[in-house]
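# What the coordinates show
One letter stands for each residue in the lines below.
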Amino acid sequence: MTDKTVSLITGANKGIGYEIARRLGALGHCVLVGARDKKRGQTAVDQLKAGGVDAHLVILDVAYPPSVETTAMLIEQDYGRLDVLVNNAGLIHDRSLKPSNTPLDTIREVFEPNFFGLIGVTQAMLPMLRKSPAGRIVNMSSGLGSLTLQSDPNGPFADFKVLGYDCSKTAVNAVTVHFAYELRDTPIKVNSACPGWVKTDMGGPEAPGTAEQGADTPVWLATLPADGPTGGFFQDRKPLPW
Ligand SMILES: NC(=O)c1ccc[n+]([C@@H]2O[C@H](COP(=O)([O-])OP(=O)(O)OC[C@H]3O[C@@H](n4cnc5c(N)ncnc54)[C@H](OP(=O)(O)O)[C@@H]3O)[C@@H](O)[C@H]2O)c1
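Residues numbered from 1 in each chain as written. Predicted model: local features only at pLDDT ≥ 70, side-chain atom pairs only at ≥ 80, totals over all residues.

### Regarding the overall build of the protein chain
- The helix and strand inventory of the protein chain stands at 8 helices and 8 strands.
- Taken over C-alpha atoms, the radius of gyration comes to 17 Å for the protein chain, in line with the 18 Å a tight globule of 242 residues would show.
- Once the C-alpha set of the protein chain is aligned to its principal axes, its extents read approximately 50 × 40 × 35 Å.
- Sequence-distant contacts in the protein chain: of pairs separated by 6 or more residues, those separated by 24 or more amount to 69%. (Helix = DSSP H or I, 4+ residues; strand = E, 2+ residues; numbered from the N terminus. Rg over C-alpha atoms; globule rule 2.2 N^0.38 Å. Contact = placed C-beta atoms within 7 Å.)

Structure, rendered in structure tokens:
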């Protein structure tokens, strides 16, 4: 049990999720580092602790419902609360595939964590978030999920069409809108974040930004004041078109 703000970040053993954990830890949160692999997760927790973060490992495979259920039970039992959920875990598939030759199985594989897993984790954590005085849910999306940007022939993503991944992020934005509506009369705020194109295992070495920069908007959304926005989609703390 703790009196601190408790934040769960899924897929926090590396990349943007790790940076979000580090930043929220620096703000004094008790940080639950979600990782599907114990060893990778423990390494991240050890590094965060060495940097002064109150970090704890939570073994969580977002695409495996029993893991989600167990995690929710353990958080309730060990910490008695959850204030912030950052649905960060995600996968991309082979970018060279065209829509016409992307196997359905590949699309399903990406939708499992990015979409179904994100919904499952949100549903499982919601009873605790509802008890928080300032519950915050941040769904990691991508500009690639923006239909406005994707359909603009002169837009930044005109030549970047990764069917399964892009559609999973469009669907994540729809999830944000649906949960924000259901929770509109509660203190809980639900928003989508695009981190920008940043250097991680997913983003690749040629990305212009750093994981730390990518963490800025999700951390801002995770710590919004009571009069902050809900049901929105943001990059660099500014609205992105759906
Ligand atoms: N990097 C970019 O430029 C960029 C741009 C737009 C949006 N995003 C989004 O930002 C988020 C973080 O991306 P990133 O660049 O930091 O990627 P990353 O470095 O590849 O990290 C992805 C994280 O998700 C975890 N993960 C994947 N499947 C999981 C599952 N089933 N259960 C639990 N964890 C799982 C990975 O765990 P393992 O280490 O065990 O694989 C890893 O911790 C993703 O949602 C991504 O779509 C990234």
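Back to the write-up after that little detour.
### Here's the deal with the packing of helix H3 (residues 65-79) against helix H4 (residues 104-131)
- For the pair H3 and H4, the least separation of the axes is 9 Å and the interaxial angle reads 20°. Classified by the interaxial angle, the pair formed by H3 and H4 is roughly parallel. In terms of crossing hand, the pair formed by H3 and H4 is right-handed. Contact residues: H3 offers Pro-65, Val-68, Glu-69, Ala-72, Ile-75 and Glu-76, while H4 offers Gly-120, Val-121, Ala-124, Met-125 and Met-128.
- Taken together, the residues of the contact of H3 with H4 break down into 8 nonpolar, 1 polar and 2 charged. (Axes fitted to C-alpha atoms, helices over the stretch in contact; angles between N-to-C directions. Parallel < 35°, antiparallel > 145°, perpendicular 65-115°, else oblique. Left-handed = near helix turned anticlockwise from the far one by under 90°. Nonpolar A, V, L, I, M, F, W, Y, C, P; charged D, E, K, R; others polar.)

### Remarks on the site of the ligand
- The ligand sits among 31 residues. The nearest are Gly-11, Gly-15, Gly-90, Thr-200 and Gly-203.
- Where the shell around the ligand is concerned, the elements lending two or more residues are helix H1 (15-26) and H4.
- Counting residues per element, the shell around the ligand draws most heavily on H1, which supplies 3 residues. (Near = placed C-beta within 6 Å.)

### Overview of the environment of Val-86
- Position of Val-86 among the secondary structure elements: in strand E4 (residues 84-87).
- Ignoring anything within four residues of it in the chain, the contact list for Val-86 reads Ser-7, Ile-9, Thr-10, Ile-20, Val-138, Pro-218 and Ala-222.

### Here's the deal with the sheet that holds strand E7 (residues 233-235)
- Across the sheet, 8 strands lie side by side as E3-E2-E1-E4-E5-E6-E7-E8; this open sheet has mixed pairing. Only two strands of the sheet have a single neighbouring strand rather than two, namely strand E3 (54-59) and strand E8 (238-239).
- Where strand E1 (residues 6-9) meets strand E2 (residues 30-35), 4 bridges bridge the pair, whose relative direction is parallel. Its bridge partner being in E2, Leu-8 is matched across the sheet by Leu-32.
- The strands touched by helix H6 (residues 163-182) within the sheet are strand E5 (136-140), strand E6 (189-193) and E7, with E6 carrying the most contacts at an inclination of about 165°. (Pairing = 2+ DSSP bridges.)

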